[in-house]
Amino acid sequence: MAASCMLRSSFLSPNPHLHQQSPVKSNRASFFTPIKATSSSDGANSKSPQLQKHRRPADENIREEARRDISSHNFSARYVPFNADPNSSEWYPLDEIIYRSRSGGLLDVQHDMDALKKFDGQYWRSLFDSRVGKTTWPYGSGVWSKKEWVLPEIDSDDIVSAFEGNSNLFWAERYGKQFLGMNDLWVKHCGISHTGSFKDLGMTVLVSQVNRLRKMHKPVVGVGCASTGDTSAALSAYCASAGIPSIVFLPANKISMAQLVQPIANGAFVLSIDTDFDGCMQLIREVTAELPIYLANSLNSLRLEGQKTAAIEILQQFEWEVPDWVIVPGGNLGNIYAFYKGFHMCKELGLVDRIPRLVCAQAANANPLYVHYKSGWKDFKPVKANTTFASAIQIGDPVSIDRAVFALKKSNGIVEEATEEELMDAMAQADSTGMFICPHTGVALTALSKLRNAGVIAPTDRTVVVSTAHGLKFTQSKVDYHSKEIKNMECRFANPPVQVKADFGSVMDVLKKYLLSKNSKF
């Protein structure tokens, strides 16, 4: 009973971690107007949090403001072996530097669901909605607005955030109608983020935990990753913000200049290695086993805790209505599991009553999950990843294969693939409707098109395609496509500039021809 009262008192404000006031110089009123939160165990619905916010003193920053309004709660999380037997007693605190279970398998972050379930779905929906778009530290971030479900025990002072997340979910009206005959197609543009990819969502969590570990004097000199571009950009940016050294292993001549320049500009120590991503991944794992460098690749399950918040955001943006399908590009395969985990937590905690069907989309040149799926989930075999324009998913031996298979089986999911021509054509079509997407999103749109043509996805199904990176990172591939300079590719939707003489008559002739092609009544 006493524990229940203590838990209830910590939720008197819409920020469970920011309630009791500490002594301060300011005579300002309480930061939030307290409300009574009703737990689901009482059999009543929680009331929506009501904010009454006052401007902080001019000499106080938002970290100090957060520090002044602190309370405790009993939420917690820990590492456990992924998909472990319920009777397993193996677990590790999140403050331990560990990446694999005793058996060598993957780890997962397990939350104390019993503690979270003391508050019903309506409470959590209202709490999360109350934080959207605010500047309150750290809840203005789309990731940290779900702090209780991500890293509940981290001190807000240790968090390293660029207020990532809260990314655009837009209605792809023209693309859906023109190319797919769909009226409820949406694109979750995770590439509209601090470093231009969804990797920011996971990296804010990982680097924040590293920041905490260093303050605890744990043996962490820096953070390292193998990368095909986006991971290194996110890692280097967040480490630079926190003043933590970052080390990046990149496959030589296999990423775009826009991706290469980001870690360089952020001050990372960059090693360009004559191998592919899988080779870089093997090397970084060997190095982090010998040196006090924290591993930042998605083998580390902390990143998935941040990435799962994109799934929760999708539900928020649909006012907690569940879409029918969510399509996610897959390379190392952590993200498809992260989306499953986010949706599943919302269902388990009563925010929604079901989860969407998931589709993982792979490039045909790097398709180990697709091959595994088509075999009926028989023995998994890595493949040699061939060059693909979707360079971030050019991975033949994905670390999170077991996680992906689990997520797809649990969600009645599907795996599809896209050839190079298919993904580039899909990207060009999407761009022609105003999107300007990355090649990986082209892979996802190809998967959608194939499932629509097969009648698996209906024209009225609410479908979300996850766009993982910003198109500006891949301008060279777009230039090559529209210049028709890609070998053995027709580039059917190329739109090269027209060379015209600098005189009025020539310009008028070209314009009339163009306008007639668009409108026969001209």
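Starting from 1, residues in each chain are numbered consecutively following that chain's sequence as written. Given that the model is predicted, a residue must reach a pLDDT of at least 70 before its local features are reported, and side-chain atom pairs must reach 80 or more before they are shown or counted; all residues, however, enter totals for whole chains, interfaces and linings. Just so you know, side-chain values use all the structure's heavy atoms and leave hydrogens and water out.

## Things to note about the overall build of the protein
Secondary structure summary: the protein contains 19 helices and 13 strands in total. For every residue, the accessible area (1.4 Å probe, protein chains only) is compared with the maximum for its type, and the residue is labelled buried under 20%, exposed over 50%, or partly exposed between those bounds. The proportion of buried residues among the 522 residues of the protein is 57%. Between two residues, a contact is recorded if the distance between any of their heavy atoms is within 4.5 Å. In the protein, 71% of the contacts between residues at least 6 apart in sequence involve partners at least 24 apart. Residue exposure ignores everything except the shown protein chains as possible cover, and the areas themselves are Shrake-Rupley values with a 1.4 Å probe. Looking at the protein as shown, the accessible area adds up to about 22400 Å², and 51% of this sits on carbon and sulfur atoms. Numbering of helices and strands runs from the N terminus, with a helix taken as a DSSP run of H or I at least four residues long and a strand as a DSSP run of E at least two residues long.

## Description of the UniProt feature "modified residue: N6-(pyridoxal phosphate)lysine" (unreviewed entry) in the protein
UniProt positions are given in the numbering used here, feature names are shortened, and annotations may be inferred rather than shown by experiment. The residues that UniProt annotates with the feature "modified residue: N6-(pyridoxal phosphate)lysine" (unreviewed entry) are K199. Considering the arrangement of structural elements, one finds K199 in helix α7 (residues 199-215). When near neighbours in sequence (up to four residues on either side) are disregarded, K199 contacts D230, T231, A234 and R303.

## Comments concerning the packing of helix α16 (residues 420-432) against helix α18 (residues 475-482)
As a packed pair, α16 and α18 sit with axes 11 Å apart at the nearest point and diverge in direction by 95°. Considering the angle they form, α16 stands roughly perpendicular to α18. Together, M424, D425, M427, A428 and D431 of α16 and S477, K478 and Y481 of α18 make up the contact between the two elements. Gly counts as polar in this scheme, as do all residues outside two lists: the nonpolar Ala, Val, Leu, Ile, Met, Phe, Trp, Tyr, Cys and Pro, and the charged Asp, Glu, Lys and Arg. Among the residues forming the contact of α16 with α18, the class breakdown is 4 nonpolar, 1 polar and 3 charged. Only the stretch in contact is used when a helix axis is fitted, and all axes are lines through C-alpha atoms; the angle between N-to-C directions ranges over 0 to 180 degrees. Roughly parallel covers angles under 35 degrees, roughly antiparallel covers those over 145, roughly perpendicular covers 65 to 115, and oblique covers all other angles.

## Considerations on the pattern of salt bridges
Each salt bridge in this description consists of a side-chain nitrogen of Lys or Arg and a carboxyl oxygen of Asp or Glu lying within 4 Å of one another. Applying the stated criterion across every chain, the model contains 19 salt bridges. Notably, a salt bridge pairs D184 with R462, separated by 3.2 Å at the nearest N-O pair. In this pair, D184 sits in the loop between α6 (173-180) and β5 (185-189) while R462 sits in the loop between α17 (439-453) and β13 (463-467), placing the two residues 278 residues apart along the sequence. A salt bridge links D324 to R354, with the shortest nitrogen-to-oxygen separation between them at 3.8 Å.

## Structural notes on the environment of A338
Mapped onto the secondary structure, A338 falls in helix α13 (residues 334-348). The spatial distance from the C-alpha of A338 to the C-alpha of R403 is 8.8 Å, given a sequence separation of 65 residues. In contact with A338, not counting residues within four places along its chain, are L304, Q307 and K308.

## Observations regarding the packing of aromatic side chains
Here a Phe, Tyr or Trp ring, Trp counted by its six-membered ring, pairs with any other such ring whose centre lies within 6.5 Å, and the pair is stacked when the planes are under 30 degrees apart, edge-to-face when over 60, and tilted otherwise. For the structure shown, the criterion picks out 18 aromatic pairs. Ring centres of W124 and W149 lie 5.8 Å apart, and the angle between their planes is 65°; on these two criteria the pair is classed as edge-to-face. Of the two residues, W124 is situated in helix α4 (residues 121-131) and W149 in helix α5 (residues 147-150); the sequence distance between them amounts to 25 residues. In terms of burial, W124 and W149 fall into one category: buried. One aromatic cluster is present, built from ring pairs that chain together F75, F119, Y123, W124, F128 and W149. Looking at R462, its charged tip hangs above the ring of F318, at a distance of 4.2 Å from the centre. The rule is short: NZ of Lys or CZ of Arg within 6 Å of the ring centre and within 35 degrees of the ring normal puts a charge over the ring.

## Digging into the side chain of E60
Counting through the fold element by element, E60 comes out in the loop between α1 (2-9) and α2 (62-68). Using a relative accessible area of 13% as the deciding quantity, one classes E60 as buried. Those residues within four positions of E60 in sequence are excluded, and the remaining contacts are E65 and R68.

## Remarks on the sheet that holds strand β10 (residues 325-329)
DSSP bridges decide pairing: two strands pair if at least two such bridges lie between them. Taken together, 6 strands build an open sheet; the order of strands is β4-β5-β13-β10-β11-β12 and the sheet is mixed. Whereas interior strands pair on both sides, the edge strands pair on one side only; in this sheet they are β4 (169-171) and β12 (414-418). Sheet twist, expressed as the average angle between the axes of neighbouring strands with direction ignored, equals 25°.

## A short note on the packing of α13 against helix α15 (residues 401-410)
Geometry of a packed helix pair, given as the angle between the helix axes and the separation of the axes. Running from amino to carboxyl end, α13 crosses α15 at an angle of 45°, the nearest separation of the two axes being 8 Å. The angle between α13 and α15 places the two elements in the oblique class. For the crossing formed where α13 meets α15, the hand is left-handed. Residues I336, Y337 and Y340 of α13 form the contact with α15, whose participating residues are R403, A404, F406, A407, L408 and K410. Grouping the constituent residues of the contact of α13 with α15 by class yields 7 nonpolar, no polar and 2 charged. With the far helix as reference, a near helix turned anticlockwise by less than a right angle produces a left-handed crossing, and one turned clockwise produces a right-handed crossing.

## Some details on the confidence of the model for the protein
Confidence scores here are pLDDT values: one per residue, from the predictor, ranging 0 to 100. For the protein, per-residue confidence averages 89 on the pLDDT scale, and residues scoring 70 or more make up 88% of the total. Contacts of residues 1-51 to residues separated by more than four positions or lying in other chains number 133 contacts, the stretch itself having pLDDT below 50.

## Some details on α17
What a helix is expected to span follows from its residue count: subtract one and scale by 1.5 Å. Spanning 15 residues, α17 covers 21 Å between terminal C-alpha atoms, matching the ideal 21 Å at 1.5 Å per step. Residues of α17 that are buried include every one of P439, H440, T441, G442, V443, A444, L445, T446, A447, L448, L451 and R452, and no others.

## Notes on unusual backbone geometry
Both trends apply: most residues other than glycine have a negative phi, and most peptide bonds are in trans. A cis amide bond links W137 to the next residue, P138, at an omega of -5°. Phi at N83 takes a positive value of approximately 55°, unusual for a residue other than glycine. Looking at the element boundaries, N83 is found in the loop between β1 (77-81) and β2 (92-93). Classification of N83 as exposed rests on a relative accessible area of 53%. One non-glycine residue, W320, lies in positive phi territory at about 65°. Tracing the chain through its elements places W320 in the loop between α12 (309-317) and β10. Take W320: its relative accessible area is 12%, and that puts it in the buried class.

## Digging into the environment of C346
When you line up the elements, C346 lands in helix α13. Separated by 26 residues in sequence, C346 and W320 place their C-alpha atoms 9.5 Å apart. Look past the residues within four positions of C346 in its chain and what remains in contact with it is W149, I312, L315, W320, L351 and V352.

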